[in-house]
Each structure stands twice: as C-alpha cells, then as structure tokens.
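Architecture and fold: a report
Each chain, written out:
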Amino acid sequence: DGMNVLFIVVDDLRPVLGCYGDKLVKSPNIDQLASQSIVFSNAYVQQAVCAPSRVSFLTGRRPDTTRLYDFYSYWRVHAGNYSTMPQYFKENGYMTLSVGKVFHPGVSSNCSDDYPYSWSIPPFHPSTEKYENDKTCRGKDGKLYANLVCPVDVTEMPGGTLPDIQSTEEAIRLLNVMKANKQKFFLAVGYHKPHIPLRYPQEFLKLYPLDNITLAPDPWVPEKLPSVAYNPWTDIRQRDDVKALNISFPYGPLPDDFQRQIRQSYYAAVSYLDMQVGLLLSALDDVGLSGRTIVVFTADHGWSLGEHGEWAKYSNFDVATRVPLMFYVPGMTTSSVSQGERVFPYLDPFSHILGMVPQGRSKKVVELVSLFSTLAELAGLQVPPACPETSFHVALCTEGASIVRYFNTSEEKVEEEKNGCDDPYRCFNDESVAFSQYPRPADTPQWNSDKPKLKDIRIMGYSMRTVDYRYTVWVRFYPNNFSANFEDVHAGELYMVETDPNQDYNIYNNTLHGCFFTKILG
C-alpha cells in the first residue's frame, strides 16, 4: 500500500558526479544510485539561492508566486497559505520526517522548518551546525580561522563530529524506527556540504592531488556579459583566507593557485557527501526497505567554480541553476527487488571503483518545481491540480507538471527521430523549457548584488533554458507590488548551447530577439 519516499537534497551541489560524466570526481555511491535510477541531465532550479529555491520546489510554485526572492518572508503569511509536498504526504497517511537542511531555516520557514504543517515530528538539526562558521580551520601558523578552504581533523572539531555525519546517523536511526513501527514514511534528508565553508574530513584531500586540479575552462569575465548579470561572490570574500588575499571588488580575480585549492576542496567535499549518501542508502538495505522506497536525489542549486570569473551561486548561468536529479523507483527504474537483496552496498570512495552507467538518462529539460507533482504520481497519490494563472488564494495546486511521462527514455529517441523540426518557432510548444530568475539591486555589481533584500530589488533577470539555448532578459522590477515591466529591458543574454556550451559568448545584440520575447511572455 504505497511506497515510502527518501528525499535527499544537497546544498550547492552542481552535477560534478561520475554519473554525469565528470572524470575527476570520486562519487561511487551516488553513481551506484544512478545505476538503478532515471537520471535527468538537464534539470534546473527556479532561483539559484537556498531559501527561494527550496520554498519553490517544496511548494511546487515559482518564486513569483511564493514571493520569496530573499530570506526574509514566510510564504504562508506573505503570499498564500500553500500546501507543501511533505504536508500533502502527511495528509495522505505518511509519517513525514525532516533531517538536516530541508527547508532553509529561519524566517522563510517560520523559524520552525514549517513544522507542524509539513512534518509529523519536529525537524532534526545537527547539534554541531552552530559551529559551521566558527574558527575551526587550522592555518599554517597553527592558529584557528574561519576559512573558505577548510579540511579538518574531525576528532578536533567541537563534539568530535560534523553536521552531515550527525544527519546521516539520525536518518539511519529514523529508518530503524519506521521499520520497527511498520510506518509508511516520507523522510527528507538535507546535506550541507559542499556548501561553504568547504569544511570536511581532511583525508578526502588525498583523493584529489593539487596537480590534477585544473582551472575552470573559462576563468575570465566574458567580454559581452552585461554587468547586471555578474555576481561578485561577496560571501566567499568574507572568509578569513579570501580576505587575506585583498581581492579587488567586484571582478577580482582570485590568484590561480587559490582557485585550484577551492576547486580541490569542492571535489573533496563532494566525496565526503558521497560517503554519507552511501551510508544512508546502505542502511535502507539493512532495514530491508530498498524494494519499497522511492529515492530522489537532487540539490537546491549549483555553484560556480571560477567559470566566467565567478564563484558561488547567485546567477542565471547553468553552473548556478543546473542540478543533479535522479529517481530510483523499485519495479519501474529497476526490476522488483526481492526480500533481503542488497541494492545499495556501501562503496568506499577511497577504493578505485569503475564508473557505473545510469539505468536510464533523459535529456529533457526539466525543473525542480515539478518535484511535488512527480513524487505524488510516483507514490500513487492523486496528483495536485495545475495552478490557475493567479493562485495566491489556492491552497493546493502546482506550477510544475509531473515528469513521470519522461521516465521511459526509449520513447525519447523515437520522438526525436519523428519530430525533426525545420521551424524552431513551430516546435516551441512541444519543447521542454526551464525558467529561472535572479534579482539585482542595480545595473552594476554592488555589495548586495548576490543577495538583495526584497525592498532593494530593482531588476529581475528572467531566464529560459531549452535544449538549444539560454535566453535571459534583465527587466525593471517593482518590489512594492511584485511586478516586472518587460518593456523596460536593462540587458539581455543569449547563448547557443551547441556552439557555446559554457555560455561565454553572448549573442543577444546580434540577433532579432523579438521572436524570443514573444515566447518568454507567451
């Protein structure tokens, strides 16, 4: 009677994973999950910053409907009293549980992670989370700093542990409780790493000798990048090790050797995360529930690792908006699992393991706003209705259609052959599109460009990504009534995926964008 759901969401994880073709990373456990899952290679978030992205996919509404572009309002009060995905599962007889960072903590989830609406019991937060930004990184001089790059000896950490280790332990404990009580569950587990500071057990550095680490393929600010589109990475500038470099604002750049250290630590943090995911999935096997549990793995947004001379999220580029997304559905993405069969044996990231191929891969462009309806359909619940154009008064509806229809990837190939298309505009209606957006306080980079408060937003960058291009318009925005004026365009960007996969050559000014405009407004 209905599958359980294990929903894993990671902070700031771009798809640097073996199953996404990354040759450097060691991510055997996530790759093993992918080998039993349908993997979406073109999945995008609706805004590349934590709270707005999470509230968007947990409510199934876009940021213009949640009215959250910053961290400082609670949608139920500020926009509409919308049901959330966990709330819907709870109302349908599931025990709903939150471990770690699922909702963004603080005002945007009512300082309660939306408990009791969304969760059956109060959400769990690791006790060592509070030390995350403390001086726990040992410098070359032996003193402690609050650094960006922060490999640590876990035994020296407050409490002798790290937050994600505690989250894994609690999630495993809850799996055992659910098994003992024979309760149907929706368990959401939110991991912090690779969010900054890049603080992880130092042994993971061994996996990535600095000699093997390259710079980003395009570590310069693109010549035709509108200044409004650039994010000046103010959060990393506040870390002690970056501060000591006295980097000029807003464009930098960071010294090459330090860029490589950041990239090295990001990869090391991903392998540390992979270990946690491996332990969690292995525990799902241990309690005998791998055959009765849907597993979803995704992230709240990506993170720029020096591309376009940028770091962190806070932009509309693919490096900030594209995320891993995979669904393991027993009996659907794999054959049924027999009792006692191990689907997810733990794999040690320190042993060399050959990459595994995803069970199925879809190139369809999809959005995280579709997660709510997709999981409802997979669990056999009634899929919430599509929202009307204005839905502030509607408690239960979603703005993202279920993507279960894309799970059979063999049909995708047939469709591609059948739908050869000479006229791209005619085909637009059948095309899958992902919409993202990002607010700015001004046309040029300011100290608050990365995270402007609602009252300071003056421009909104609306971006659409299809399989062929990314198109963005930066338009005048009025925070007092949440409206955008598409007649008042401050800047535009157009990148063609096939010839410019890294989005370095903006051709907006050499094209007729009238046709695109009609599309984005249509």
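Provided above is the structure to which this section pertains.
So, here is what we can say about the structure in this document. Just so we're clear, the structure is a prediction, and the values are computed from it rather than from any experiment.

Assigned secondary structure in the protein consists of 14 helices and 18 strands. Over its C-alpha trace the protein gives a radius of gyration of 22 Å, about what one expects of a compact globule, namely 24 Å for 522 residues. Seen through its principal axes, the protein has C-alpha atoms that stretch 60 × 60 × 45 Å. Within the protein, the proportion of its 522 residues that are buried is 61%. If you take every contact in the protein between residues at least 6 apart in sequence, the share linking residues at least 24 apart comes to 75%. With the model as given, the accessible surface of the protein reaches about 20400 Å², and the carbon-plus-sulfur share is 51%. Each charge sign in the protein was given a centre, from 48 positive and 60 negative side chains, and these centres are 4 Å apart.

A general trend in soluble globular proteins is that nonpolar side chains are found buried together. Counting residues in hydrophobic clusters, the biggest one holds 130 residues, and the most contacted among them are Phe7 and Phe327. Of all hydrophobic cores here, the second largest spans 15 residues; its members include Tyr69, Ile457, Tyr469 and Val475.

A few words now on the packing of aromatic side chains. One pass over the structure, following the stated rule, counts 23 aromatic pairs. Ring geometry for Phe89 versus Tyr94: centroids 4.9 Å apart, planes at 85°, classification edge-to-face. Here Phe89 matches Tyr94 in class, with each residue buried. When the ring centre of Trp233 is taken as reference, the NZ or CZ atom of Arg237 above it lies at 3.8 Å.

Strand order in the open sheet formed by 4 strands is β15-β16-β17-β18, and the pairing between neighbours is antiparallel. The sheet is open, and its two edges are formed by β15 (434-440) and β18 (483-496), each paired on a single side. Geometrically, the sheet is characterised by an average inter-axis angle of 20° between neighbouring strands, direction not taken into account.

Most of strand β1 (residues 4-10) is tucked away, with 7 of its 7 residues classed as buried. Pairing analysis gives 7 bridges linking β1 to strand β9 (residues 293-299), with the strands arranged parallel. The partner of Val10 across the bridge, within β9, is Ala299. As judged from the 6 bridges shared by β1 and strand β7 (residues 185-191), these two strands associate in the parallel manner. Looking across to β7, one finds that Ile8 is bridged to Val189.

Let's shift gears to the packing of helix α6 (residues 163-181) against helix α9 (residues 256-286). For the pair α6 and α9, interaxial distance at closest approach is 9 Å and the crossing angle is 10°. Taken together, α6 and α9 sit at an angle that is classed as roughly parallel. Where α6 abuts α9, its residues Asp164, Ile165, Thr168, Ala171, Ile172 and Leu175 lie against Tyr272, Gln276, Leu279, Leu280, Ala283 and Leu284. For the contact of α6 with α9, the class distribution of residues is 9 nonpolar, 2 polar and 1 charged.

Once that is clear, we can look at the pattern of salt bridges. Within the structure shown, the criterion is met by 17 salt bridges. Close ionic contact of Glu367 with Arg62 constitutes a salt bridge, the shortest N to O distance being 2.8 Å. Taken together, the residues span a long stretch of sequence, with Glu367 in strand β14 (residues 360-367) and Arg62 in the loop between α2 (50-59) and α3 (63-66) at a distance of 305 residues. Taking relative accessible area as the criterion, Arg62 reaches 21% and is therefore assigned partly exposed. Its salt-bridge partner being Arg76, residue Asp114 comes within 2.8 Å of it at the nearest N-O pair. A residue pair is termed long-range when its members are at least 10 positions apart, and Asp114 in the loop between β3 (95-100) and β4 (137-138) and Arg76 in helix α4 (residues 75-78) qualify at 38 residues. Arg76 carries the same exposure label as Asp114, and that label is buried. When salt bridges that share partners are traced, they join Asp11, Arg54, Lys101 and Asp300 into one network.

The rules we used
- Residues numbered from 1 in each chain as written.
- Predicted model: local features only at pLDDT ≥ 70, side-chain atom pairs only at ≥ 80, totals over all residues.
- Heavy atoms only, no water.
- Helix = DSSP H or I, 4+ residues; strand = E, 2+ residues; numbered from the N terminus.
- Rg over C-alpha atoms; globule rule 2.2 N^0.38 Å.
- Buried < 20%, exposed > 50% of the residue type's maximum accessible area, 1.4 Å probe, protein only.
- Contact = heavy atoms within 4.5 Å.
- Areas by Shrake-Rupley, 256 points an atom, 1.4 Å probe, with all protein chains shown as cover.
- Lys, Arg positive; Asp, Glu negative; His and termini not counted.
- Charge placed at Lys NZ, Arg CZ, Asp CG, Glu CD.
- Core = buried A, V, L, I, M, F, W, Y, C linked by side-chain atoms within 4.5 Å.
- Phe/Tyr/Trp six-rings, centres within 6.5 Å; stacked < 30°, edge-to-face > 60°.
- Lys NZ or Arg CZ within 6 Å of the ring centre and 35° of its normal.
- Pairing = 2+ DSSP bridges.
- Axes fitted to C-alpha atoms, helices over the stretch in contact; angles between N-to-C directions.
- Parallel < 35°, antiparallel > 145°, perpendicular 65-115°, else oblique.
- Nonpolar A, V, L, I, M, F, W, Y, C, P; charged D, E, K, R; others polar.
- Salt bridge = Lys/Arg side-chain N within 4 Å of Asp/Glu carboxyl O.

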